[in-house]
Structure formats: C-alpha cells, structure tokens
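Examination of the molecular architecture
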Amino acid sequence: MMGASKNFPLQGLDAFFHSLQDRLEGAGFHPALSLSGPFGVGKKTLAYSLARGFLCATPGKLGGCGTCPSCRDVDRGMSVDLLVLERPVGKRNIPVKMVRELLGSMQIASQGDHGKVALLLGAEALGIEGQNSLLKGLEEPEGGNRWILTTTRPEALLPTVRSRVQQLQIPLLPLSAVKESLVSLRGILPADADFLAELSGGSMGKAYWVLDHFGSDWKSLLLPLKECCEPDRSRGPDLAIALEEILQKVPIEGGASEKRSFLDALFQLLTEILRQMGRFEACDRVLEARELLSRSIPLTPVLRKLAVDLSMNPDLNG
Ligand SMILES: [Zn+2]
C-alpha cells in the first residue's frame, strides 16, 4: 500500500486504493485507463501512482515499491518511460502536433522492462482532432505500453475514445470527513467548515483550492454565489455580476486560458451548491456553460446566459 492517507489529496480514500490493489492482483487493468472526477479529487496523484506501479521493477504493487531506480526516476520527473502531456500554459487546447509527437515517442522502445506509460492530464483539453489522433494509440498499445487519461469532463471525450479506455471514477468523500480535515488541518471554524465542505462536494482538493485561491476572503467572495443559487431569489445579487466580481478580485496568473480554467473551477463549485439545494436541472445548465467555456465563446455572454438559465428556475416549475 502506498500510504494514501499521507498522500494529499487522496486522504480518506484507502478503501478505494484497496479495491484498485485487488484489481491489480486479480484481473489487472486495461492498458488504457481514464480517471475521472471533479477537480481536486486526486486524479493526477492517482495517475502518477498508477504509472509508478506499472513501471516499477517489482510489478503488482499499486504505487510501486518507491525505492527502485524506476520509482525514484518517476518521483524526480526523470523517467524516460513516463511521458506526460497536458495543456500548455496560455493554450486553449492541447495542440494536435503534441499528441502526434507523443504517439511517435510511445513507439520507441522503453528503457525498462515494463513498457512506457503516457499520462494525458486534463484530456478534455484535447480537441476533436487530437482525440481522433489518439485512437490508434489507445486501441493497440504496443510493447506493454499503457495510457492513462485524466478528466473532469468525461462527457467531453468522444464515444470512440471512451469505448477504448477502462473508466475509473475516483469516489468523493463524505462531507463530514472534509469538514474534519478543514477544522483540524487548516484551522477553519466549524461553522465555516460546513459551508466549505458543502462547496467541495466531497473533493478535499477542491476545498483546499478555495482556501489557496481566495485566501482569508473566501467566505465573503463565495457567499454571494450561494445566494444567487437560491431557488426563489427575487432579490439578491446577480450571478453574472457576482462571478465577474470574483474574476476581478482574485489574482489569476497566466492569460485568458487560465482565466477560463479558473472559471471552470468556479462553475464546479456552483454545481455543488446547486446539487446541495436539489436543483439538478440547474446543474445541467452549469454543465452546458462549462462546455461553452471550453470553446472560443466570449465570457460575458456565457456568464449572462448562465445567470438567466439559473434564474428561470426549472427545478421548481418542472
Ligand atoms: Zn519500484
């Protein structure tokens, strides 16, 4: 066992790890995996852990042995058999050229005895063309090669991609566990921790993301969002204005793409608030807005449309 409890953000997921270890010792994993779950749930940590185990000199152990040269190389980011691809900073998508280069590199023989592992982090940033380029690699991994995709939006992957991968969904934690961690590890007041645990939807990393990005103002910045989500809100702040205010107040490093990524994370927080309120129709509207966000549509109309969609309140009328 790799000590998941020490491995933030995967704390509390020991049962899930045991089930993966059982699968590793039993039927094993498909050579192409897709790890999904909301942001902060631990997809990247798990992807690296799986990769380390696949490449380890002693196979069959989730997370690897941690001490062999292969495991050490993975930890230092020096493994020649581990190829990592993600959206470059400042780019909307992962360029197709980079996908093709990755496919080419995967065809060169591995240095170790266990093939190569390609990690594709944030696979929703692959365009259609990028996904199509990937198909052949996913279908016929050669020489013991493996693919691991991570995504917050599995629905953004083409059916042809989804059918070629084994999908693993990382489970969410009970909100009480998130709350407990926030109180004991981050010194958050219990009443505030309740609200933040709700926002996290069971993703520990999401709660920590809020604290890291919003600082001590997190509550005053995010409470208006909650008010905007109330089903009956003839008064109160306008959602589009509340979101724009957050965008102005919270420093976001990078360019326009980073701003969209930040907003995508905010939309996921909104989804959690709406889900807690039982507004499942409204959650679907937010999902649509996330889809618009991933395209080249200007932000203002996206925010405006979402504000109107949520104020129409289909959950109560329908
Ligand atoms: Zn090892």
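Scoring rules and cut-offs
- Residues numbered from 1 in each chain as written.
- Predicted model: local features only at pLDDT ≥ 70, side-chain atom pairs only at ≥ 80, totals over all residues.
- Helix = DSSP H or I, 4+ residues; strand = E, 2+ residues; numbered from the N terminus.
- Buried ≥ 20, exposed ≤ 12 C-beta atoms within 10 Å, placed from the backbone.
- Domains from an automatic or database assignment.
- Contact = placed C-beta atoms within 7 Å.
- Nonpolar A, V, L, I, M, F, W, Y, C, P; charged D, E, K, R; others polar.
- Pairing = 2+ DSSP bridges.
- Axes fitted to C-alpha atoms, helices over the stretch in contact; angles between N-to-C directions.
- Core = buried A, V, L, I, M, F, W, Y, C linked by C-beta atoms within 7 Å.
- Parallel < 35°, antiparallel > 145°, perpendicular 65-115°, else oblique.
- Expected span 1.5 Å × (residues − 1).
- Arc of directions from axis to C-beta.
- pLDDT = per-residue confidence, 0-100.

Structural notes on the overall build of the chain
A tally of helices and strands in the chain yields 15 helices and five strands. In terms of overall dimensions, the chain has C-alpha extents of about 65 × 45 × 35 Å along its principal axes. The proportion of buried residues among the 318 residues of the chain is 40%.

Points about the domain arrangement of the chain
Partitioning the chain into domains gives domain 1 (4-169) and domain 2 (175-317). The interface is formed by 15 residues belonging to domain 1 together with 17 residues belonging to domain 2. Here the side of domain 1 that touches domain 2 is composed, by residue class, of six nonpolar, five polar and four charged.

A few points about the sheet that holds strand β2 (residues 82-86)
Ordered by their spatial adjacency, five strands build an open sheet running β2-β3-β4-β1-β5, and the pairing between neighbours is parallel. Every other strand in the sheet has two partners, leaving β2 and β5 (166-169) as the edge strands with one partner each. For this sheet, the mean inter-axis angle between neighbouring strands, taken without regard to orientation, is 20 degrees. Bridge count for strand β3 (residues 117-121) against strand β4 (residues 146-151) is four bridges, and the pairing is parallel. Across the sheet, Ala 118 pairs through a bridge with Trp 147, a residue of β4.

Brief notes about the nonpolar core
Core analysis: the largest hydrophobic core is formed by 37 residues, its most contacted members being Leu 196 and Ala 207. Every element with two or more residues in this core is listed here: α7 (175-186), α8 (190-200), α9 (204-214), α10 (218-229), α11 (239-249), α12 (256-276), α13 (280-293) and α14 (299-311). Top element by residues in this core is α12. It accounts for six residues. Setting aside residues up to four positions removed in sequence, Leu 196 forms contacts with Leu 182, Ile 188, Ala 207 and Val 210.

A look at the pairing of strand β1 (residues 32-36)
The side chains of a regular strand alternate between both faces of the sheet. Taking burial as the measure, the five residues of β1 include five buried ones, the bulk of the element. Burial of the side chains of β1 extends over both faces: Ala 32, Ser 34 and Ser 36 are buried on one face and Leu 33 and Leu 35 on the other. For β1 and β4, the ladder comprises five bridges, and the chain directions are parallel. Across the sheet, Ser 36 pairs through a bridge with Thr 151, a residue of β4.

Considering the environment of Ala 125
Secondary-structure assignment places Ala 125 in the loop between β3 and α5 (128-139). Given 23 C-beta atoms within a 10 Å radius, Ala 125 is considered buried. Non-local contacts of Ala 125, meaning those with residues more than four positions away in its chain, are made with Arg 87, Asn 93 and Ile 94.

Focus: the packing of α11 against α14
Relative to each other, α11 and α14 sit at 140 degrees, their axes nearing to 8 Å. Considered as vectors, α11 and α14 are oriented oblique to each other. Residues Leu 239, Ala 240, Leu 243 and Glu 244 of α11 pack against Leu 303, Arg 304, Leu 306, Ala 307 and Leu 310 of α14. Partitioning the contact of α11 with α14 into residue classes produces seven nonpolar, no polar and two charged.

Overview of α10
Between its first and last C-alpha, α10 extends 17 Å over 12 residues, near the 16 Å set by a 1.5 Å rise per residue. Among the residues making up α10, those that are buried are Trp 218, Leu 222, Lys 226, Cys 228 and Cys 229. Seen end-on, α10 carries its buried residues on one side only, within an arc spanning 160 degrees. Looking at the buried positions of α10, the neighbouring elements they touch are α8, α9, α11, α12 and α14.

Re the environment of Lys 91
Topologically, Lys 91 is positioned in the loop between β2 and α4 (96-106). Judged by the 13 C-beta atoms lying within 10 Å of it, Lys 91 is partly exposed. With 164 residues separating them in the primary sequence, Lys 91 and Gly 255 have C-alpha atoms 8.7 Å apart.

Topic: the packing of α8 against α12
As a packed pair, α8 and α12 sit with axes 7 Å apart at the nearest point and diverge in direction by 105 degrees. In terms of their interaxial angle, α8 and α12 are classed as roughly perpendicular. Counted together, Glu 198, Leu 199 and Ser 200 of α8 and Leu 269, Glu 272, Ile 273 and Gln 276 of α12 form the full contact between these two elements. The residue inventory of the contact of α8 with α12, partitioned by class, reads three nonpolar, two polar and two charged.

Overview of the environment of Pro 171
Considering the arrangement of structural elements, one finds Pro 171 in the loop between β5 and α7. The partly exposed category is assigned to Pro 171, around which 14 C-beta atoms lie within 10 Å. Along the primary structure Pro 171 and Cys 68 are separated by 103 residues, whereas in three dimensions their C-alpha atoms are 30 Å apart.

Thoughts on the confidence of the model for the chain
Mean pLDDT over the chain stands at 88; residues scoring 70 or higher make up 93%. The low-confidence segment residues 1-8, where pLDDT is below 50, has 14 contacts with residues more than four positions distant or belonging to other chains.

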